[in-house]
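Observations on the three-dimensional arrangement
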Amino acid sequence: MKVSLLRAVGVATAAYGVAVAAAPGLLARPSGLADAAGRTAPATRTSLRPLAWRDAVSGLALALAPEGPALRTAAYVRIAADLGDAALLGATLPGRGRRAVAVAVSVGWGALSVAGLLADGRVGEAGKGLMRPRGTEPRRV
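Residues numbered from 1 in each chain as written. Predicted model: local features only at pLDDT ≥ 70, side-chain atom pairs only at ≥ 80, totals over all residues. Heavy atoms only, no water.

Examining the layout of surface pockets
Taken as a whole, the largest pocket encloses approximately 490 Å³ of empty space. Looking at the largest pocket, it is lined by 23 residues, and the ones nearest its centre are Tyr 16, Leu 27, Val 105, Ser 106 and Trp 109. Taken together, the elements giving at least two residues each to the lining of the largest pocket come down to helix 1 (3-22), helix 2 (25-31), helix 3 (42-64), helix 4 (69-92) and helix 5 (96-118). Sorting elements by how many residues they give to the lining of the largest pocket places helix 5 first, with six residues. Per-class residue counts for the lining of the largest pocket are 13 nonpolar, four polar and six charged. (1 Å grid on protein atoms, 1.4 Å probe; cavity = no way out; pocket = protein on both sides within 12 Å on 5 of 7 lines; lining within 4 Å. Points joined across faces, edges and corners; volume = space filled by probe spheres on them. Helix = DSSP H or I, 4+ residues; strand = E, 2+ residues; numbered from the N terminus. Nonpolar A, V, L, I, M, F, W, Y, C, P; charged D, E, K, R; others polar.)

A short note on the nonpolar core
Grouped together as the largest cluster of nonpolar side chains are eleven residues: Met 1, Val 3, Leu 6, Val 9, Leu 62, Ala 65, Leu 71, Ala 74, Ala 75, Ile 79 and Leu 117. Mapped by element, the contributors of at least two residues to this core are helix 1 and helix 4. If you tally residues by element for this core, the top one is helix 4, at four residues. Residues within four places of Ala 75 in sequence aside, it is in contact with Leu 6, Leu 62 and Leu 117. Counting six residues, the second-largest nonpolar core is a separate cluster that includes Ala 21, Leu 27, Ala 28 and Leu 48. (Core = buried A, V, L, I, M, F, W, Y, C linked by side-chain atoms within 4.5 Å. Buried < 20%, exposed > 50% of the residue type's maximum accessible area, 1.4 Å probe, protein only. Contact = heavy atoms within 4.5 Å.)

In structure tokens, the structure reads:
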């Protein structure tokens, strides 16, 4: 597990979640959920805020969970949220281009968490901080 990558995803997700909760237009405008003038309807703002708080809290959990099962669980929650976003936004946002971008962004963030779970975060030889995929350690002669 690459803890630093998971922590970075968590911090970025939490920050974005707080920003969208405060200003839902940050998500509404690029998603096509704002009017032609860029204004977000009150009902849309109300609908986006729980999504934003979910991201803020799940990101915070990823950033702060102790290494081990708690961190893995936080990563699984974050991955599930990202894949759920990809499925739902990809099926429902207005405009094919917006749907494609939403899927790409959501899957991309989920992939970062998957990479963090699968990466080998062990310190390499002589404490140099080198990282190697599992099974590629150098042979000792």
